[in-house]
Amino acid sequence: RHDRSRGCAASAPVRVADAAPAEPPRNRPGRSGATRRQVAVTMMQGLLQRLNPNTLYVQVRANEFIVKHIESGRTCHRKARVPFTSKRLLIGHFSAAQALLRECFRELLESTARIIRPNAVIHPLEMVEDGLTDVEQRILAEVVVRAGAQHPAIWVGNPLSDKAVREKVREK
């Protein structure tokens, strides 16, 4: 066969499956939906986390947080200006508790350390006589995550030593 428009012999028709794949766009989502950049950032954060771990031990009382940065030994103790405890729940007003906890996190973590979200163990010290309900566990975990931490572990029992806090974080 001859292709009259080009003046040369035409090759067999090319099927779509035989064609070379087009170069994928730089930030094309993969199977997980994450872009290459997001995957790279997540990997870098994981590496930095291992090199420079930040672990916070958060103790919760009625309208009060005591947060200890395990690696530095520094502590932040804050009483709520806007009460967050209700009659039934240790954290009944989520946004007030989150704002207060975020203040503590910012005080304890250096600006470069805030890039890497710290791991946290949250320990309710009051209103746990019959254990925690699923809703209470979710509230405690979520307030820590929204304040800036990652992988929250919840502990109910006697206060933990620094070594025990690190073990709880590794278990999570």
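Our structure is the block above this text.
Residues numbered from 1 in each chain as written. Predicted model: local features only at pLDDT ≥ 70, side-chain atom pairs only at ≥ 80, totals over all residues. Heavy atoms only, no water.

## Comments concerning the overall build of the protein chain
Now for step 1: Check the secondary structure of the protein chain and you find four helices and seven strands.
Now for step 2: Going from N to C terminus, the protein chain has its helices and strands arranged as β-β-α-β-β-β-α-β-α-β-α.
Now for step 3: Here the protein chain holds 172 residues, and the buried ones make up 31% of them. (Helix = DSSP H or I, 4+ residues; strand = E, 2+ residues; numbered from the N terminus. Buried < 20%, exposed > 50% of the residue type's maximum accessible area, 1.4 Å probe, protein only.)

## Focus on the sheet that holds strand β4 (residues 64-69)
As a general point, the strands of a sheet are linked pairwise by backbone hydrogen bonds and lie either parallel or antiparallel.
Now for step 1: The five strands are arranged β5-β4-β3-β6-β7 in an open sheet whose pairing can be described as mixed. Only two strands of the sheet have a single partner each, and these edge strands are β5 (75-79) and β7 (150-154). The mean inter-strand angle of the sheet, taken between neighbouring strand axes irrespective of direction, is 20°.
Now for step 2: Sheet strands in contact with helix α2 (residues 94-108) are β3 (55-61), β4 and β5, and its direction is about 155° off that of β5.
Now for step 3: Across the sheet, helix α4 (residues 162-171) is in contact with β3, β4, β6 (119-124) and β7; its angle to β6 comes to roughly 115°. (Pairing = 2+ DSSP bridges. Axes fitted to C-alpha atoms, helices over the stretch in contact; angles between N-to-C directions. Contact = heavy atoms within 4.5 Å.)

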